[in-house]
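Residue-level structure breakdown
Okay, here's what each chain looks like letter by letter:
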Amino acid sequence: LTRTNYDLMRKSYERAVQLAPDKIEFHYALANAYASLGNFEKYLEQATVGRNLEQTSVGGHLLAAWQRILQSDWKGASHDLNLAAEIDPGDSRLLAYMGAIAEGQNNAREAADCFRAALALEEAHNVFRGSKLGEGTPACFFDEVGRAAVLRIRLARMIEEKDPAAALALYEKNMAAE
């Protein structure tokens, strides 16, 4: 298709979304039109609306934030995380990604605080889900316990020189879950 045809497609799906905002397929088609035109921000916006009609998800924004983190685009990554927080402020990955940004900016104290907060939130989610992480019960699903385990390891590595006992306690909590 030519750019003109993509513009026409975009306009058509914009109208379709106006007329039927609850139709997932229209949002995804509009997102694809934006992607074809190179408008990543609009693509992400419409793809997120479509996903949220299926289930609440910040996955697209987290993916965008992570790509920006890898490019040391701290401002862009922070923007993506702010958009994600508007969708699901209780997602522990937001705090973990904020920690990665702080770490990339050589702010170890802020990074450790973000990782601690992410870990606390993830552990609270695990309790809510009924996970027995840390009580010797085998974990069945990575998503239930994996983020907490990864956060413990990351945090332990950051603090092991200054507080070896606290770092050891984090490692031991992971070992108890196996």
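Quantities reported herein were computed from a predicted structural model and do not represent experimental measurements. Residue numbers here run from 1 along each chain, matching the order of that chain's written sequence. For this predicted model, a pLDDT threshold of at least 70 governs which residues receive local features, and a threshold of 80 or more governs which side-chain atom pairs are given and counted, while totals over whole chains, interfaces and linings are taken from all residues. Note: side-chain values were computed over all heavy atoms of the structure, leaving out hydrogens and water.

Further remarks concern the overall build of the protein chain. Here a strand is any run of E in DSSP of at least two residues, a helix any run of H or I of at least four, and the numbering for each starts at the N terminus. Scanning the protein chain from terminus to terminus reveals nine helices and zero strands. In sequence order, the secondary structure elements of the protein chain are arranged as α-α-α-α-α-α-α-α-α. Burial classes: relative accessible area under 20% of the type maximum marks a residue as buried, over 50% as exposed, and values in between as partly exposed (1.4 Å probe, protein chains only). The buried share of the protein chain, taken over its 178 residues, is 35%. A fraction of 47% describes how many contacts in the protein chain between residues 6 or more apart in sequence connect residues 24 or more apart. When the accessible surface of the protein chain is summed, it comes to about 10,600 Å², and 54% of that surface belongs to carbon and sulfur atoms. Two residues qualify as a contact provided that any one of their heavy atoms is within 4.5 Å of a heavy atom in the partner residue. With residues, only the protein chains shown are counted as cover, and all accessible areas are computed by Shrake-Rupley using a 1.4 Å probe.

So, about the packing of helix α4 (residues 59-70) against helix α5 (residues 74-87). Fitting a line to C-alpha atoms yields each axis, with helices limited to the stretch in contact; the angle taken between N-to-C directions then spans 0 to 180 degrees. Running from N to C, α4 and α5 cross one another at 165 degrees; their axes reach a closest spacing of 8 Å. Here α4 lies roughly antiparallel to α5, going by the angle between them. Two packed elements cross with a definite hand, and for α4 against α5 that hand is left-handed. Taken together, the residues of α5 that come into contact with α4 (itself represented by His 61, Leu 62, Ala 64, Ala 65, Arg 68 and Ile 69) are Trp 74, Gly 76, Ala 77, Asp 80, Leu 81, Leu 83, Ala 84 and Ile 87. Note on angle classes: values under 35 degrees are labelled roughly parallel, values over 145 roughly antiparallel, values of 65 to 115 roughly perpendicular, and the remainder oblique. Crossings are assigned a handedness: left-handed for a near helix turned anticlockwise from the far helix by less than a right angle, right-handed for a clockwise turn.

What follows concerns unusual backbone geometry. Backbone geometry at Ser 72 places phi at a positive 60 degrees, although glycine is not the residue there. Tracing the backbone shows Ser 72 in the loop between α4 and α5.

Let's shift gears to the side chain of His 27. Locating His 27 in the fold gives a position in helix α2 (residues 24-36). Here Pro 21 takes part through its backbone oxygen, which lies 2.8 Å from a polar atom of the side chain of His 27. Among the polar contacts listed, one links the side chain of His 27 to the side chain of Gln 46, at a separation of 2.7 Å. Those residues in contact with His 27 that lie beyond four places of it in its chain are Val 17, Pro 21, Gln 46, Val 49, Gly 50 and Leu 53. Nitrogen and oxygen atoms within 3.5 Å of one another constitute a polar contact, given that in protein one can donate a hydrogen and the other can accept it, and given that sequence-neighbouring residues count only through two side-chain atoms.

Turning our eyes to something else, we now look at the pattern of salt bridges. Any Lys or Arg side-chain nitrogen located within 4 Å of an Asp or Glu carboxyl oxygen qualifies as a salt bridge. Scanning the model with the defined rule gives seven salt bridges in all. Put simply, Arg 93 and Asp 91 hold a salt bridge, and the shortest N to O gap is 2.6 Å. As a salt-bridge pair, Arg 116 and Asp 113 come within 3.3 Å of each other at their nearest N and O atoms. Residue Arg 116 and its partner Asp 113 are both found in helix α7 (residues 108-129); the two are separated by three residues, about one turn of the helix. Put simply, Glu 41, Arg 68, Asp 73 and Asp 80 are held in one network by salt bridges that share partners.

With respect to the secondary-structure elements, Gln 67 resides in helix α4. Each C-alpha atom, one on Gln 67 and one on Ala 77, is 7.9 Å from the other, the two residues being 10 residues apart in sequence.

Here we come to the nonpolar core. Ile 69, Leu 81, Tyr 97 and Leu 155 are the most contacted members of the largest nonpolar core, which totals 26 residues. Among the elements that make up this core, the one with the highest residue count is helix α6 (residues 92-104) (six residues). Leaving out residues up to four positions away in the same chain, Tyr 97 has contacts with Leu 62, Ala 65, Trp 66, Ile 69 and Leu 81. The nonpolar core is taken to be a set of buried Ala, Val, Leu, Ile, Met, Phe, Trp, Tyr and Cys residues, with the residues joined through side-chain atoms within 4.5 Å.

Glancing now at α2. Helix span is expected to be 1.5 Å times the residue number reduced by one. Look at α2: 19 Å from first C-alpha to last across 13 residues, which is about the 18 Å you get at 1.5 Å a residue. Of the positions making up α2, those classed as buried are His 27, Ala 29, Leu 30, Ala 31, Ala 33 and Tyr 34.

Relative to the helices and strands, Arg 15 is located in helix α1 (residues 3-19). Among the residues examined, Arg 15 registers a relative accessible area of 47% and is labelled partly exposed. Linking Arg 15 and Phe 26, residues 11 residues apart in sequence, is a C-alpha distance of 9.4 Å.

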